[in-house]
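What the coordinates show
Spelled out, the chains give:
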Amino acid sequence: MTDIYLYNTLSRQKEKFAPVSEGRVGIYVCGPTVYNHSHIGHGKSYVSFDAIIRFFRFVGYKVLYVQNITDVGHLTDNADEGDDKIEKEAKRDRMNPMEIVETFMRSYFEDMDRLGVIRPDISPRATGHIVEQIELARKLIERGYAYEAAGNVYFDVSKFPDYGKLSGKKVEDLVAGARIDVRSDKRNPADFALWKKAEAGHIMRWPSPWGDGFPGWHLECSTMSMKYLGDSFDIHGGGLDNQFPHHECEIAQSEAATGKPFVRYWIHNNMVTVNGTKMSKSLGNFVTLKDAFKKFDPITVRFFILQSHYRSPLDYSDEAVEGAGKGLDRLKNVIRELRGLAGDKRVAVDFAHLPDEPINLRRYYGDWLAAMADDFNTPGAIAALFEMLKDVNSAIGSGGVLNADSASLIYSFILTLAGDVLGIVRSDDRAESGRNIESSLINLLINLRLDARKNRDFKLADSIRSELQNMGVVLEDKKDGTTTFKVVR
RNA sequence: GGCGACGUACCCAAGUGGUAAGGGAGAGGUCUGCAAAACCUUUAUGCGGCGGUUCGAAUCCGCCCGUCGCCUCCA
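Analysis parameters
- Residues numbered from 1 in each chain as written.
- Chains lettered and ligands numbered in written order.
- Predicted model: local features only at pLDDT ≥ 70, side-chain atom pairs only at ≥ 80, totals over all residues.
- Heavy atoms only, no water.
- Pairing = 2+ DSSP bridges.
- Helix = DSSP H or I, 4+ residues; strand = E, 2+ residues; numbered from the N terminus.
- Axes fitted to C-alpha atoms, helices over the stretch in contact; angles between N-to-C directions.
- Core = buried A, V, L, I, M, F, W, Y, C linked by side-chain atoms within 4.5 Å.
- Buried < 20%, exposed > 50% of the residue type's maximum accessible area, 1.4 Å probe, protein only.
- Domains from an automatic or database assignment.
- Contact = heavy atoms within 4.5 Å.
- Parallel < 35°, antiparallel > 145°, perpendicular 65-115°, else oblique.
- pLDDT = per-residue confidence, 0-100.
- Near = heavy atom within 4 Å.
- Polar contact = N/O pair within 3.5 Å; in protein donor to acceptor, adjacent residues only side chain to side chain.

Read from one edge of the open sheet, four strands run E5-E6-E7-E8, paired in antiparallel fashion. Lying at the two open borders of the sheet, with one neighbouring strand each, are strand E5 (146–149) and strand E8 (213–215). Between one strand axis and the next, the sheet turns through 20 degrees on average, direction left out of account. Sheet topology note: the strand E6 (residues 152–155)/strand E7 (residues 192–197) ladder contains three bridges and is antiparallel. Pairing of Tyr154 across the sheet is with Ala193, part of E7.

Dropping the structure here:
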């Protein structure tokens with residue numbers, strides 16, 4: 001199997017991937033808190049992990065992908081005070097918190113589907129795992145890592161010397177910071193909540209050994225990841241902003257409870273800025289995916305995201321996405337040409353035995369694979385595909401070099417690497433070549449225009465062309481005298 | 001204040017010691033009735049600045065400048 005190297009936040013260097021269990025990958029990625037529509041930052045995160053997971057599957061791993069839905073327990077201000085975000089929305093809209101959760105969870109999946117993100121194998125919800133979370137908190141108290149105080153349960157950071165190993169932070173530095181709640185019933189200011197007592201009026205609450213309450217902010221991910229992937233698993237991913245405190249706390253809770261290493265590889269994707277500044281509601285530059293989809297094809301947004309590396313920050317701007325879209329059009333054009341030459345026939349591609357004639361697929365695949373296997377370098381992989389496009393276009397342009405079999409192989413090659421793995425083209429897109437009535441009508445107009453051109457009635461011919469263009473149908477006259485069309489947005 | 005990341009052409013963006021991928025935009029050309037698409041040529045002696053290590057640095061080290069993130073929920 002291809003060796004994969006990935007950057008492990010824990011060691012701050014690239015490491016060769018070695019799974020816990022031969023041939024299998026267990027991966028957990030922190031999912032969204034569903035109290036609002038997803039934004040472009042969620043898009044980057046989940047598209048990046050989607051490409052990573054598709055690549056693992058492509059090289060032959062059996063992947064189990066778990067991504068939670070946080071539907072409880074986030075507070076607006078800090079660890080111990082403030083409102084639950086979901087409840088805040090619910091109160092404002094006079095809805096049950098679960099209605100808010102349901103609404104935005106559906107919205108999230110809808111956006112992800114449009115981005116071509118393959119759904120996780122398991123999407124566990126925090127509210128569905130309250131019993132397990134209470135159990136984990138209880139176990140931590142038993143083992144001396146946590147304590148109860150007035151209906152709250154806190155993790156005692158001083159009992160876990162490794163606290164800080166992921167983020168590089170020292171407890172002393174944290175304590176030295178100004179933002180500590182002196183009146184708290186914590187033993188140490190750096191301790192974090194495993195379970196919070198529900199005050200009167202708090203809607204989302206569950207009975208526990210410590211009275212009515214709700215789970216702390218980090219507990220769900222430890223609980224659910226270990227439940228479905230085991231006490232020690234391969235990869236845990238998430239946004240860079242979650243590195244501290246969230247992931248740090250997960251490690252502490254999990255390793256204290258089991259006595260085993262929690263996660264082998266931590267992967268963190270970088271953040272999105274908009275026109276150079278951080279997205280925030282107060283700045284008014286918050287771009288939701290639904291906003292972006294009004295301007296751009298979702299797959300173009302996906303392509304834009306994958307054109308930069310997951311560990312690089314991504315600056316979102318209309319200009320940049322437009323530029324990406326034009327590049328993507330080139331790829332789509334080639335696929336359309338090949339589909340025609342191949343008679344729409346997709347064949348199985350043997351990546352171990354690729355030809356170097358008439359197109360050097362072996363070389364381009366080598367470049368593509370090397371890029372992807374080197375910490376999932378999607379920009380490099382895309383560059384390899386674009387270098388190939390030049391070759392393919394030259395071959396098509398020179399006429400007759402590509403026979404149907406070659407075209408079919410190249411067509412299938414591109415659909416696999418660009419479609420199945422990167423997801424930047426739709427592998428099953430038949431919209432333009434179908435036998436539907438629109439196609440028939442367009443072909444009728446094309447024939448009328450060909451007649452007009454034969455009669456040198458260019459005024460009529462150009463009129464047909466421009467009218468069709470206004471409807472989003474672009475005509476292309478071929479050297480052999482035929483005319484093809486493509487549908488653009 | 002503490003911790004960390006980044007700064008590559010007009011824009012986006014790969015590249016972690018061997019002499020600057022790829023995409024967009026621009027310029028010239030081929031093809032075309034004209035377009036569109038495509039192809040060819042072209043656009044960074046230089047990778048924020050200044051030093052240093054080295055035969056050799058965008059790549060390593062130091063300092064400075066700038067941007068961003070985390071240290072409070074956040075992908």
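This part takes up the nonpolar core. One recurring pattern in soluble globular proteins: nonpolar side chains tend to sit buried together. Counting 136 residues, the largest nonpolar core has Phe55, Phe56, Tyr316, Leu331, Trp368, Phe413 and Ile414 as the members making the most contacts within it. Both domains that meet at this core, namely domain 1 (5–269) and domain 2 (318–421), each give it at least three residues. When sequence neighbours within four positions are dropped, the list of residues in contact with Leu331 reads Phe386, Leu389, Ile414, Ala418, Ile424 and Val425. Of all hydrophobic cores here, the second largest spans eight residues; its members include Leu450, Leu468, Val473 and Leu475.

This brings us to the side chain of His247. Considering the arrangement of structural elements, one finds His247 in helix H7 (residues 243–258). Judged by its relative accessible area of 0%, His247 is buried. Once you skip the residues sitting within four places of it in the chain, His247 turns out to touch Cys30, Leu166, His236, Gly237, Gly238, Gly239, Asn242, Trp266 and His268.

At a minimum axis separation of 9 Å, helix H4 (residues 130–142) and helix H6 (residues 219–229) run at an interaxial angle of 105 degrees. Judged on the interaxial angle alone, H6 and H4 are roughly perpendicular. For the pair H4 and H6, the contacting residues are Glu132, Gln133, Leu136 and Ala137 in the first and Leu219, Glu220, Ser222, Thr223, Met226 and Lys227 in the second.

This part covers the confidence of the model for chain A. Per-residue confidence for chain A gives a mean pLDDT of 89, with 92% of residues at or over 70. The spread of mean pLDDT over the elements of chain A runs between helix H5 (residues 171–176), the lowest at 66, and strand E4 (residues 62–67), the highest at 97. A low-confidence stretch, residues 177–182 stays under pLDDT 50, and its non-local contacts, those more than four residues away or across chains, total three contacts.

What surrounds RNA strand B is a group of 61 residues, the closest being Lys85, Trp217, Gly239, Asn242 and Lys278. In RNA strand B, atoms within 4 Å of the protein come 68% from sugar and phosphate. One nitrogen or oxygen atom from the main chain of Gly239 is found 2.5 Å from a sugar or linking oxygen belonging to RNA strand B. A distance of 3.0 Å is found between a sugar or linking oxygen of RNA strand B and a side-chain nitrogen or oxygen belonging to Asn393. At the level of secondary structure, the elements contributing two or more residues to the surface near RNA strand B comprise helix H1 (40–58), H5, strand E9 (233–239), helix H10 (318–342), helix H12 (378–397), helix H14 (437–454), helix H15 (458–470) and strand E14 (473–477). Looking at which element gives the most residues to the surface near RNA strand B, the answer is H12, with seven residues.

Our next topic: the sheet that holds strand E11 (residues 272–274). Spatially, the three strands line up as an open sheet ordered E12-E11-E13, and their pairing is mixed. The two strands at the open ends of the sheet, each matched to only one other strand, are strand E12 (277–278) and strand E13 (314–316). Both E11 and E13 contribute to a ladder of three bridges, which runs parallel. Looking at the pairing, Val272 lines up with Leu314 of E13.

This brings us to unusual backbone geometry. With an omega dihedral of 0 degrees, the bond running from Phe244 to Pro245 counts as a cis peptide bond. Here Pro245 lies in helix H7. Positive phi is not limited to glycine here, since Arg94 has a value of about 50 degrees. Despite not being glycine, Arg456 has its phi angle at roughly 55 degrees, a positive value. Here Arg456 shows up in the loop between H14 and H15. A relative accessible area of 62% means that Arg456 is categorised as exposed.

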